[in-house]
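Architecture and fold: a report
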Amino acid sequence: MIVGHGDDLYRYDDLVKINFSSNVYQHADLSPLKEWLSERFDLLANYPEPEARSLEKLIAFKEGISPESVLVTNGATEAIYLIAQLYRGSASIIPQPTFSEYADACRIHHHIISYENTDDLVKLPRDRVYWICNPNNPSGNVLMKGFVDYLVRRSPRYTFVVDQSYEAYTREPLLSPREMNGVPNLLLLHSFSKTYAIPGLRLGYITGHPNTIQLLRTLRYPWSVNSMAIEAGKFLLKRGKPAIPDLDAYLAETERLRTAMRQIDGIRVFETKTNYMLCELQTVTASELKSYLIHEHGMLIRDCSNFYGLSNFFFRVSTQQPDENDALIEAIRQFLETRS
């Protein structure tokens with residue numbers, strides 16, 4: 001299991017007041033969902049569905065595909081590990097830097113892993129699994145929809161796993177399950193946790209060809225998705241709204257934050273198409289900055305030094321409210337001025 005994800009709030013007791021480390025929107029109004037679930041605590045006295053079929057039917061209706069093309073999972077992470085298990089012993093291509101669980105799952109299931117090195121691509125077996133995080137974490141970049149579609153359809157003997165967990169956090173066009181329905185070499189990953197800002201409930205789903213989805217079903221253990229998560233999924237599909245009330249305004253605030261961060265001496269800030277951005281320090285490490293922000297300002301950022309290909313100078317932040325973003329900018333500026 002990978003240690004060192006973002007949102008490691010549990011490590012710091014009550015020190016953290018503003019959480020910039022999680023990419024999940026921090027200001028969602030969850031009160032309607034909380035009220036709905038509070039009236040359903042009796043469900044805890046019985047087992048949930050062995051498979052979340054009732055929720056899968058609702059997702060299928062929403063996406064315009066067959067229920068046999070949907071598999072609800074315990075977050076997108078269970079989906080990743082199931083797919084790695086299904087293709088156990090395969091060659092997996094994982095462009096870097098990206099979400100670390102792809103490689104971790106592949107190692108557990110004895111994949112031959114390549115980080116898209118040219119020499120590796122020549123030597124690897126022709127049957128391969130390509131893992132694509134789109135929007136990508138931690139960079140925030142988004143591959144063009146047409147380009148991903150071209151890759152998938154051009155290479156039918158390769159299996160493509162396209163993780164679109166952050167699809168609700170960008171305005172860039174992405175692949176839709178309906179458009180890709182029936183494409184046998186594609187699996188799309190989706191996340192209720194991100195879309196509706198409920199990461200603690202662990203809820204995601206896979207869409208893909210019915211034959212592949214059926215094979216994945218044979219690998220999972222029963223009751224992997226709990227009753228409350230299933231009920232939350234049903235409520236959110238029927239009555240809920242995406243966590244971010246105004247995505248355009250939120251992304252505009254992200255660009256304002258990025259522009260202000262770029263004006264601080266000693267930081268390189270990369271472009272992004274989402275609500276989070278990758279940053280690189282020039283003279284101090286990310287762990288030093290993280291410690292300072294926690295203990296002096298009650299702010300938590302994501303140290304990105306454990307991403308493959310990134311050094312200990314990289315960190316990531318996600319956009320919060322304007323006043324919180326301004327406080328972060330000032331805190332980082334103060335820290336770097338004392339280190340100059």
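Our subject is the structure that appears above.
Rules used in this analysis
- Residues numbered from 1 in each chain as written.
- Predicted model: local features only at pLDDT ≥ 70, side-chain atom pairs only at ≥ 80, totals over all residues.
- Heavy atoms only, no water.
- Helix = DSSP H or I, 4+ residues; strand = E, 2+ residues; numbered from the N terminus.
- Expected span 1.5 Å × (residues − 1).
- Buried < 20%, exposed > 50% of the residue type's maximum accessible area, 1.4 Å probe, protein only.
- Salt bridge = Lys/Arg side-chain N within 4 Å of Asp/Glu carboxyl O.
- Pairing = 2+ DSSP bridges.
- Axes fitted to C-alpha atoms, helices over the stretch in contact; angles between N-to-C directions.
- Parallel < 35°, antiparallel > 145°, perpendicular 65-115°, else oblique.
- Left-handed = near helix turned anticlockwise from the far one by under 90°.
- Contact = heavy atoms within 4.5 Å.
- Nonpolar A, V, L, I, M, F, W, Y, C, P; charged D, E, K, R; others polar.
- Right-handed = clockwise from strand over helix to strand, strands pointing away.
- Core = buried A, V, L, I, M, F, W, Y, C linked by side-chain atoms within 4.5 Å.

Take helix α3 (residues 75-86) next. Its twelve residues give α3 an end-to-end C-alpha distance of 17 Å, which sits within 8% of 16 Å, the value for a rise of 1.5 Å per residue. Judged by how many residues are buried, α3 sits mostly within the fold: nine of twelve residues are covered. For α3, the full list of buried residues reads Gly-75, Ala-76, Glu-78, Ala-79, Ile-80, Tyr-81, Leu-82, Ile-83 and Ala-84.

Turning to the pattern of salt bridges, a few remarks are in order. Enumeration over the complete set of coordinates arrives at 16 salt bridges. Linking Arg-217 and Glu-56 is a salt bridge whose minimum nitrogen-to-oxygen distance equals 2.9 Å. Taken together, the positions of Arg-217 in helix α8 (residues 210-217) and Glu-56 in helix α2 (residues 53-63) put the pair 161 residues apart, joining distant regions of the chain. For Glu-56, a relative accessible area of 1% puts it in the buried group. For Lys-62, the salt bridge identified is with Glu-63, shortest N-O distance 3.5 Å. On the basis of relative accessibility, which here comes to 12%, the residue Glu-63 falls in the buried class. One network of salt bridges, in which partners are shared, links Glu-39, Arg-40, Glu-231 and Lys-234.

Judged by pairing direction, the sheet is antiparallel, and its four strands sit side by side in the order β9-β10-β13-β12 without closing on themselves. Lying at the two open borders of the sheet, with one neighbouring strand each, are β9 (267-269) and β12 (302-303). Note that strand β10 (residues 276-281) and strand β13 (residues 314-318) share five bridges and pair antiparallel. Bridge pairing in β13 links Glu-280 to Phe-314.

Relative orientation and spacing of two packed helices are given, respectively, by the angle between their axes and the distance between those axes. Where α2 contacts helix α9 (residues 227-238), the two axes come as close as 9 Å, and the packing angle between them is 25 degrees. Between α2 and α9, the interaxial angle falls into the category roughly parallel. In terms of crossing hand, the pair formed by α2 and α9 is left-handed. Residue-level inspection shows Ser-54, Leu-55, Leu-58, Ile-59 and Lys-62 of α2 in contact with α9, the latter providing Ile-230, Gly-233, Lys-234, Leu-237 and Lys-238. Split by residue class, the contact of α2 with α9 holds five nonpolar, two polar and three charged.

Attention now moves to the sheet that holds strand β4 (residues 112-114). Strand order in the open sheet made by the seven strands is β2-β8-β7-β6-β5-β3-β4, with mixed pairing throughout. One side of each edge strand has no neighbouring strand; the edge strands of this open sheet are β2 (70-73) and β4. For this sheet, the mean inter-axis angle between neighbouring strands, taken without regard to orientation, is 20 degrees. Sheet topology places β2 next to strand β8 (residues 204-208); four bridges connect them, and they run antiparallel. Within the sheet, the bridge partner assigned to Val-72 lies in β8 and is Tyr-205. α3 rests against β2, β5 (128-133), β6 (159-163), β7 (186-191) and β8 of the sheet, and its axis sits at about 120 degrees to β2.

The side chains of a regular strand alternate between the sheet's two faces. For β6, a buried count of five out of five residues is recorded, marking the element as mostly surrounded by other parts of the structure. Here β6 shows two buried faces, one formed by Thr-159, Val-161 and Asp-163 and the other by Phe-160 and Val-162. Bridge analysis of β5 against β6 gives five bridges, and the strand direction is parallel. Within β6, the residue paired with Trp-131 across the bridge is Val-161. Crossover handedness for the path β5 to helix α6 (residues 145-154) to β6: right-handed.

Two elements in contact, α3 and α8, have axes separated by 10 Å at closest approach and are oriented at 95 degrees. In terms of orientation, α3 and α8 fall into the roughly perpendicular class. Facing Leu-82, Ile-83 and Leu-86 of α3, the residues of α8 in contact are Thr-212, Leu-215 and Leu-216. Grouping the amino acids of the contact of α3 with α8 by side-chain chemistry returns five nonpolar, one polar and no charged.

Another aspect to go through is the environment of Met-277. Residue position: Met-277 is located in strand β10. Sequence separation between Met-277 and Ile-264 is 13 residues, and the spatial gap between their C-alpha atoms is 15 Å. Each residue touching Met-277, except ones within four places of it in the same chain, is listed here: Pro-138, Thr-254, Leu-257, Arg-258, Val-269, Phe-270, Thr-272, Phe-315, Arg-316, Val-317 and Thr-319.

So, on to the nonpolar core. Counting residues in each nonpolar core, the largest one holds 26 residues, and the members touching the most others are Met-261, Ile-267, Leu-293, Phe-315 and Ile-332. Elements with a minimum of two residues in this core: α10 (247-262), β9, β10, α11 (286-297), β13 and α12 (322-339). Of all the elements, α12 adds the most residues to this core, at six residues. Those residues in contact with Leu-293, other than ones at most four positions away along the chain, are Gly-298, Met-299, Ile-301, Leu-328, Ala-331 and Ile-332. Ranked by size, the runner-up nonpolar core spans 23 residues in total, among them Tyr-81, Ala-84, Leu-187 and Ile-213.

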